[in-house]
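Below are the chains, spelled out letter by letter.
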Amino acid sequence: MHIYPDAKAVIAAHAPDEAIILNRPHAAMRAARFFNAKFPGKVLYAVKANPAPSLLRVLWEAGLTHFDVASIAEVRLARAELPEAELCFMHPIKTRRAIAEAYHQHGVRTFSLDSAEELEKIVEACRDLKTGEPAQDLRLCVRLRVSSEHAQLSLASKFGCDQTEMPELLQQARQHCDWLGVCFHVGSQAMTPFAFVQALDRTRAAIAEASVVIDMIDVGGGFPSIYPGMEPPPLEDYFALIAKHFEDLPIAYNAELWCEPGRALAAEYSSLVVQVDKRRGDELFINDGAYGALYDAAHVDWRFPVQALAENLRDPMVDFSFYGPTCDDADYMAGPFSLPGDIQAGDYIEIGMIGAYGAAMKTGFNGFGNAEEFTVADEPMMSLFRGDRKLPQSDNVVSLR
Ligand SMILES: *Cc1c(COP(=O)(O)O)cnc(C)c1O
């Protein structure tokens, strides 16, 4: 595999006509090692954030052994790439056939659920194929609904058992497994660690009422990455508060603590290089957009860091908005994206931090999105793991030190 020094070297060599993706294995490796070393429990990677086989292999090499998969296609993909990985099927609504294939063909033992119907599906689908005996080795994880109020993207309305129904579901699930966990998800890009404190408080109430033995607490994803205007407190603060509140839970003395980050592990892995096809005032028509790796920039006004790659631009910065390449008005990204005022058609722009929910969102709509990938050695445009971050002074920053 050829490794280029940076985006400029890739452009010099290839002058790409279509958007391209640049991968930084060293950045994903560093993120995974950071989590593995500092999170006070087991770290799973949530594959949906970016299922690129190259990334799965980097994370495995960095020491991650457990992967959170949410569809049978993700199960097959992760199993094909990582034959020895422990796969956990953490989507609370699955088909019987997907459960059966995961259990009988791919060795999946850990399943999440948020209803009695799903429990019944899992128990039935995992019966011994010859004897019809119930599985003896299921590891079940009941998903509790928690608030998403501190997160940039909500995951609060779709999944999760209500707190009032949780005790009964925990008691039912306990009858079908020797290992029972509780999981939740506070929403993606949680900007304060107190999101996890609130969720663990709810967990405590549900467990106390159920009075069943709990063997594992999975605090889910939601750990932030860093973007313009979204500078979170240090991840160590999240880990410290989670550890403290985990220890207060009424659970088995040897209970495990898990987390399932997607964004925080994947965001720094990739950037995108686009070319300006046309300039119209302060609007730039670029060759990737709402149906490509910039889905979040278009649909939830996510702001990604940008830099112009041409050497000869001298003018002061101007705030631009972007249009993507498809023939659709909705293919628009408000930004603002700050770039030199003399940028013009033909110039290239690097857009950083698209490793999570960026590269993974590409579609082939309108014939675009066929992004070629290259590996580069330079640093991501922003990083939580490089160790050189100056902490922002703002109201939503909580420092525990
Ligand atoms: C999406 C998802 C994750 C990852 O969330 P991030 O916010 O990317 O960390 C983890 N667990 C489950 C069940 C998910 O659906």
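Here, the structure is the one placed above.
Fair warning: this is a prediction, and the values are worked out from it, not measured in the lab. (Residues numbered from 1 in each chain as written. Predicted model: local features only at pLDDT ≥ 70, side-chain atom pairs only at ≥ 80, totals over all residues. Heavy atoms only, no water.)

Which parts of the structure should I look at to understand the site of the ligand?
In the neighbourhood of the ligand, 14 residues make up the surrounding shell, with K48, S188, E260, R263 and Y357 lying closest. Between an oxygen atom of the ligand and a side-chain N or O atom of S188, the distance comes to 2.5 Å. Starting from 390 Å² of accessible surface for the ligand in isolation, the protein chains cover 92%. When the residues that make up the shell around the ligand are grouped by side-chain class, the tally is 4 nonpolar, 5 polar and 5 charged. (Near = heavy atom within 4 Å. Polar contact = N/O pair within 3.5 Å; in protein donor to acceptor, adjacent residues only side chain to side chain. Areas by Shrake-Rupley, 256 points an atom, 1.4 Å probe, with all protein chains shown as cover. Nonpolar A, V, L, I, M, F, W, Y, C, P; charged D, E, K, R; others polar.)

How do you make sense of the sheet that holds strand 6 (residues 110–113) when you look at a structure like this?
The strands making up a sheet associate through hydrogen bonds between their backbones, and the pairing can be parallel or antiparallel. Spatially, 8 strands are ordered 3-4-5-6-7-9-11-12 in a closed barrel, and the strand pairing comes out parallel. Sheet twist, expressed as the mean angle between neighbouring strand axes with direction ignored, is 25 degrees. Running at roughly 150 degrees to strand 9 (residues 179–183), helix 7 (residues 166–174) makes contact with strand 6, strand 7 (139–143) and strand 9 of the sheet. (Pairing = 2+ DSSP bridges. Helix = DSSP H or I, 4+ residues; strand = E, 2+ residues; numbered from the N terminus. Axes fitted to C-alpha atoms, helices over the stretch in contact; angles between N-to-C directions. Contact = heavy atoms within 4.5 Å.)

So what exactly am I meant to see when it comes to the pattern of salt bridges here?
Where charged atoms of side chains with opposite charge meet at close range, the side chains can pair. Taken as a whole and assessed by the stated rule, the structure comprises 17 salt bridges. Across the pair R145 and D162 runs a salt bridge, and its minimum N-O distance is 2.9 Å. Highlighted residues: R145 in the loop between strand 7 and strand 8 (151–153) and D162 in the loop between strand 8 and helix 7, separated in sequence by 17 residues. Its relative accessible area of 25% is what places R145 among the partly exposed residues. Overall, D162 belongs to the partly exposed group, its relative accessible area being 32%. Where D201 meets R204, a salt bridge forms, and the shortest distance between an N and an O atom there is 3.5 Å. Linking D201 with R204, this pair stays in helix 8 (residues 194–210), spanning 3 residues, or about one helical turn. What you see here is one network of salt bridges that share partners, running through R24, E350 and D378. (Salt bridge = Lys/Arg side-chain N within 4 Å of Asp/Glu carboxyl O. Buried < 20%, exposed > 50% of the residue type's maximum accessible area, 1.4 Å probe, protein only.)

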